Amino acid sequence: MLTVYIDFKEPAAFLALEPTLVLAKRLNLELAWQAFRCQERDLPDTGADPAVVRSHKQARAGAIRSTHRHYAALKGIDLRFPESNHNADLALGALAQLRGDALPFVRRAFAAFWTEHLDLNRREVVEHLVLESGDIGGVELDAAPAALAEAQAEAEDLGVVDAPAYVIDGQLFIGRQHFPWIEEIAGRLRAGA
């Protein structure tokens, strides 16, 4: 079992979706999709001029976006960031409640956010995504905020700080760059089974 923590609005999680599926198929691992709300962290207060801090934050955000666009282009993906900064809390709360195969919902929610630039915090959008995803059961949108809060607390207790994050055999890895270690652990688990 490979547990995968995702946030639909996180470009790194979106770009890791297909490589994660390829890895799981190659290693014959079942995937458990978990919701995790990534939050922008404030820069430490250094007493610096607020304009300098704001400029640094903008430069850093631009560099991160550029890195994601570069990686996407290498994979043949035209990565366009949404115009507005919608959050995806309602869709994440729905994911936290899903029973059964969550992959259709995961795929559909990522596409809705990154391709169609839909607001995954609007009830009618998420209701439609749930309906399109087939027999996933157990989703009550009124309970989504509480489900996300519970999932968030559990993830943070494990040490998850960003998405994508992976847990295999009790070990936590943040980011897809750790696939070689995940593969090594999966190999050891298979050999010991």
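Report on the accompanying structure. Since this is a predicted model, take the numbers as computed values, not measurements. (Residues numbered from 1 in each chain as written. Predicted model: local features only at pLDDT ≥ 70, side-chain atom pairs only at ≥ 80, totals over all residues. Heavy atoms only, no water.)

1. Describing the pattern of salt bridges
1) Next: Per the stated rule, a full pass over the model turns up 10 salt bridges.
2) Next: The salt bridge partner of R123 is E127, with a shortest N-O separation of 3.1 Å. Of this pair, R123 and E127 both sit in helix α5 (residues 123-132), 4 residues apart, which is roughly one turn of the helix.
3) Next: A residue is classified by how much of its surface remains accessible, and R123, at 38% relative accessible area, is partly exposed.
4) Next: Of the residues examined, E127 reaches a relative accessible area of 35% and is grouped as partly exposed.
5) Next: Of the charged contacts, one joins D142 and R123 as a salt bridge, the two residues approaching to 3.1 Å between their closest N and O atoms. With D142 in the loop between α5 and α6 (144-158) and R123 in helix α5, this residue pair connects regions lying 19 residues apart in the sequence.
6) Next: Linked by salt bridges that have partners in common, R108, E116 and E132 make up one network. (Salt bridge = Lys/Arg side-chain N within 4 Å of Asp/Glu carboxyl O. Helix = DSSP H or I, 4+ residues; strand = E, 2+ residues; numbered from the N terminus. Buried < 20%, exposed > 50% of the residue type's maximum accessible area, 1.4 Å probe, protein only.)

2. Overview of the sheet that holds strand β2 (residues 31-35)
1) Next: Read across the open sheet, the 4 strands follow the order β2-β1-β3-β4; overall the sheet is mixed. The sheet is open, and its two edges are formed by β2 and β4 (171-174), each paired on a single side. Pairs of neighbouring strands in the sheet enclose a mean axial angle of 20 degrees, with direction left out of account. (Pairing = 2+ DSSP bridges. Axes fitted to C-alpha atoms, helices over the stretch in contact; angles between N-to-C directions.)

3. Observations concerning the layout of surface pockets
1) Next: The calculated volume of the second largest pocket comes to roughly 210 Å³.
2) Next: In terms of lining residues, the second largest pocket is bounded by 13 residues, among which L31, A32, W33, G100 and A102 are the most central.
3) Next: Of all the elements in the fold, those that place two or more residues in the lining of the second largest pocket are β2 and α3 (89-97).
4) Next: Taken together, the residues of the lining of the second largest pocket sort by class into 9 nonpolar, 2 polar and 2 charged. (1 Å grid on protein atoms, 1.4 Å probe; cavity = no way out; pocket = protein on both sides within 12 Å on 5 of 7 lines; lining within 4 Å. Points joined across faces, edges and corners; volume = space filled by probe spheres on them. Nonpolar A, V, L, I, M, F, W, Y, C, P; charged D, E, K, R; others polar.)

4. Things to note about the packing of α3 against α6
Think of two packed helices as two axes; the pair is described by the angle between the axes and how far apart they sit.
1) Next: Closest axis-to-axis distance for the α3/α6 pair is 7 Å, and the angle between their directions is 75 degrees. In terms of orientation, α3 and α6 fall into the roughly perpendicular class. In this structure, α3 uses D89, L90, L92, G93, A94, A96 and Q97 to contact α6, whose residues at the interface are A144, A147, L148 and A151.
2) Next: Among the residues making up the contact of α3 with α6, the classes are represented as 8 nonpolar, 2 polar and 1 charged. (Parallel < 35°, antiparallel > 145°, perpendicular 65-115°, else oblique. Contact = heavy atoms within 4.5 Å.)

5. Describing the pairing of β4
1) Next: Two strands pair when backbone bridges link them, and strand β3 (residues 165-168) and β4 are joined in this way by 4 bridges, in the antiparallel orientation. Counted as the bridge partner of V167 is L172 from β4.
2) Next: Taking the residues between adjacent antiparallel strands as the criterion, β3 and β4 are bridged by 2 residues, where D169 takes a positive phi near 50 degrees.

6. What to know about the packing of aromatic side chains
Geometry of an aromatic ring pair is reported as the spacing of the ring centres plus the angle between the planes.
1) Next: What the rule picks out here adds up to 7 aromatic pairs.
2) Next: When the centroid spacing of 5.6 Å and the interplanar angle of 15 degrees are considered together, the rings of F14 and W114 count as stacked. One end of the pair, F14, is in helix α1 (residues 11-27); the other, W114, is in helix α4 (residues 103-114), and 100 residues separate them in sequence. Both residues of the pair, F14 and W114, belong to the buried class.
3) Next: Summarising the aromatic geometry, the rings of F173 and W181 are spaced 6.0 Å apart at their centres and angled 50 degrees between planes, so their arrangement reads as tilted.
4) Next: By the ring-pair criterion, three or more aromatic residues cluster together here, those being F8, F14, F105, F110, F113 and W114. (Phe/Tyr/Trp six-rings, centres within 6.5 Å; stacked < 30°, edge-to-face > 60°.)

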